[in-house]
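# Residue-level structural notes
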Amino acid sequence: MPAPLEYLAVSCILFGIGIAGVLTRRNLLVILMSIELMLNSANLAFLTFSRLHGQLHGQVIAIFVMTVAAAEAAIGLAIVVALFRQTGSVRIDEATRLRG
Amino acid sequence: MLTTAIFYVLSFVCILAALMTVTLSNPVSCALSLILCLACLAGLYAQLAAGYVAVLQILIYAGAIMVLFLFVVMLLNLSDEEAAEGRYDVIRGLKGLICFAFLVDLYVLVEVSLGGRIYGCPAPGLGSLEAIGELLFTRYMVSFEVISLLLTAAVVGVVLITRKGPASALAAGRGGSS
């Protein structure tokens, strides 16, 4: 069985990739996918600690995180559709209407 | 031994798919590689004695959420020009570098705080549906109810946001009721 540190290393790498995606991409859909990636890396850390301590609380929190991710994806995609209707594009550098 | 080998294969494919998710230019390819990444993560969850969460991961994430993503990508039907990323300048490279530093920082933090810990013996039935259900409906009862409220609010919000001509429709509705 691999050590907890190895699972946490995978979790850290996935979180870093997710942040890089959010900061460097311009396509709003890909940014939302990167956020999903970050939420999943948090889930992996929760489950690793749940296994490390032999307790179930981490798994219950992971289920809650999954539910919040579902709500977030629904709202985010609705915003993408609304933005596309307004500007005809999903690039965030063209969504500048609120800029002063 | 076999568990370790499976772990390395799964995490390698998972990280590769995650990299493809943030680097590929076509949103459909991004979504498909994210599905691959989530499926590999479900395998890792199953290794950590969390079978129920692994099943939920496949059903909810790889099933429902990613199908929603793909549905929206196909609904918008973006041309290459609209999905284009623009040029990569110094600032964006700097952002990537900051992310890498953050990643190393995070890992060092984890290693310092956790170094050398190993697993205890898992309790029998850890991660079983019965145990999770019992915890969910006793100790986490309030959180469970709040989550149901959150989902309802999300559904109402989505309907409101995607409504055609939101401002005029809302104004008309308000004017009619008052």
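The paragraphs below set out a description of the structure included in this document. This one's a predicted model, so the numbers in the text were calculated from it and none came from an experiment.

### Overview of the overall build of chain A
Scanning chain A from terminus to terminus reveals 3 helices and 0 strands. The N-to-C order of helical and strand elements in chain A reads α-α-α. Oriented by its inertia axes, the alpha-carbon framework of chain A measures out at about 50 × 25 × 25 Å. Here chain A holds 100 residues, and 62% of them are scored as buried. Considering only contacts in chain A between residues 6 or more positions apart, those separated by 24 or more positions represent 54%. Counting every atom, chain A has about 3,400 Å² of accessible surface; 66% of that belongs to carbon and sulfur.

### Regarding the nonpolar core
Across soluble globular proteins, nonpolar side chains have a tendency to be buried as a group. One finds Leu29 of chain A together with Phe69 of chain B to be the most contacted residues of the largest nonpolar core, which totals 62 residues. Mapped by element, the contributors of at least two residues to this core are α1 (4-24), α2 (28-53) and α3 (57-87) of chain A together with α1 (2-23), α2 (27-47), α3 (51-76) and α6 (129-137) of chain B. In this view, Leu29 of chain A contacts Leu77 and Val80 of chain A together with Phe69, Val72, Val73, Leu76 and Leu78 of chain B; residues no more than four positions away in its chain are not counted. Leu5, Leu8 and Leu52 of chain A together with Val110 of chain B belong to the second-largest nonpolar core, a separate cluster that totals 7 residues.

### Description of the packing of aromatic side chains
Inspection of every chain in the model, using the stated rule, returns 4 aromatic pairs over all chains. For the pair Phe7 of chain B and Tyr8 of chain B, a centre-to-centre distance of 5.2 Å together with 65° between the ring planes defines the contact as edge-to-face. The exposure class assigned to Tyr8 of chain B is partly exposed, which follows from its relative accessible area of 45%. Aromatic rings pair up to connect Tyr7 of chain A together with Phe7 and Tyr8 of chain B into one cluster.

### Quick look at helix α7 (residues 141-161) of chain B
The end-to-end C-alpha distance of α7 of chain B, which contains 21 residues, comes to 30 Å, matching closely the 30 Å that a straight helix rising 1.5 Å per residue would cover. The complete set of buried residues in α7 of chain B reads Ile147, Ala154 and Gly157 of chain B. The buried residues of α7 of chain B all sit within an arc of 85° when viewed along its axis, so they share a single face. Opposite its buried face, α7 of chain B presents the exposed residues Val142, Leu149, Val155, Val156 and Val159 of chain B, each directed more than 90 degrees away. Where α7 of chain B is buried, its residues meet α3 of chain A.

### Observations concerning the interface of chain A and chain B
Size of an interface, as often reported, equals the accessible area lost when the parts are brought together. Taken together, the contacts link 72 residues of chain A with 81 residues of chain B. Across the chain A to chain B interface the summed buried area is about 7,300 Å²; carbon plus sulfur atoms make up 78%. When the buried surface of chain A facing chain B is broken down by residue, Met33, Arg51 and Met66 of chain A rank first, second and third, together holding 10% of it. For the pair chain A and chain B, the interface holds 10 residue pairs in polar contact (both at pLDDT 80 or more). At the level of secondary structure, the elements contributing two or more residues to the side of chain A that touches chain B comprise α1, α2 and α3 of chain A. Of all the elements, α3 of chain A adds the most residues to the side of chain A that touches chain B, at 24 residues. The class makeup of the residues in the side of chain A that touches chain B is 49 nonpolar, 16 polar and 7 charged.

### Considerations on the environment of Val60 of chain A
Counting through the fold element by element, Val60 of chain A comes out in helix α3. Residue Val60 of chain A is classed as buried on the basis of its relative accessible area of 0%. A C-alpha to C-alpha distance of 32 Å links Val60 of chain A and Arg25 of chain A, two positions 35 residues apart in sequence. Here Val60 of chain A is in contact with Ile132, Leu135, Leu136 and Tyr140 of chain B, once residues within four sequence places are set aside.

### Notes on α3 of chain B
Residue and element names in this part refer to chain B. The terminal C-alpha atoms of α3, which comprises 26 residues, lie 36 Å apart, in line with the 38 Å expected from a rise of 1.5 Å per residue. Considering bend angle alone, the principal kink of α3 is centred on Met66 and spans about 30°. Phi turns positive, to about 50°, at Asn77, one or two residues after α3.

### With respect to the side chain of Asn43 of chain A
Looking at the element boundaries, Asn43 of chain A is found in helix α2. Of the residues examined, Asn43 of chain A reaches a relative accessible area of 0% and is grouped as buried.

About the cut-offs
- Residues numbered from 1 in each chain as written.
- Chains lettered and ligands numbered in written order.
- Predicted model: local features only at pLDDT ≥ 70, side-chain atom pairs only at ≥ 80, totals over all residues.
- Heavy atoms only, no water.
- Helix = DSSP H or I, 4+ residues; strand = E, 2+ residues; numbered from the N terminus.
- Buried < 20%, exposed > 50% of the residue type's maximum accessible area, 1.4 Å probe, protein only.
- Contact = heavy atoms within 4.5 Å.
- Areas by Shrake-Rupley, 256 points an atom, 1.4 Å probe, with all protein chains shown as cover.
- Core = buried A, V, L, I, M, F, W, Y, C linked by side-chain atoms within 4.5 Å.
- Phe/Tyr/Trp six-rings, centres within 6.5 Å; stacked < 30°, edge-to-face > 60°.
- Expected span 1.5 Å × (residues − 1).
- Arc of directions from axis to C-beta.
- Buried area = accessible area lost by both parts, 1.4 Å probe.
- Polar contact = N/O pair within 3.5 Å; in protein donor to acceptor, adjacent residues only side chain to side chain.
- Nonpolar A, V, L, I, M, F, W, Y, C, P; charged D, E, K, R; others polar.
- Bend = angle between axes of the 7 residues up to and from the residue.

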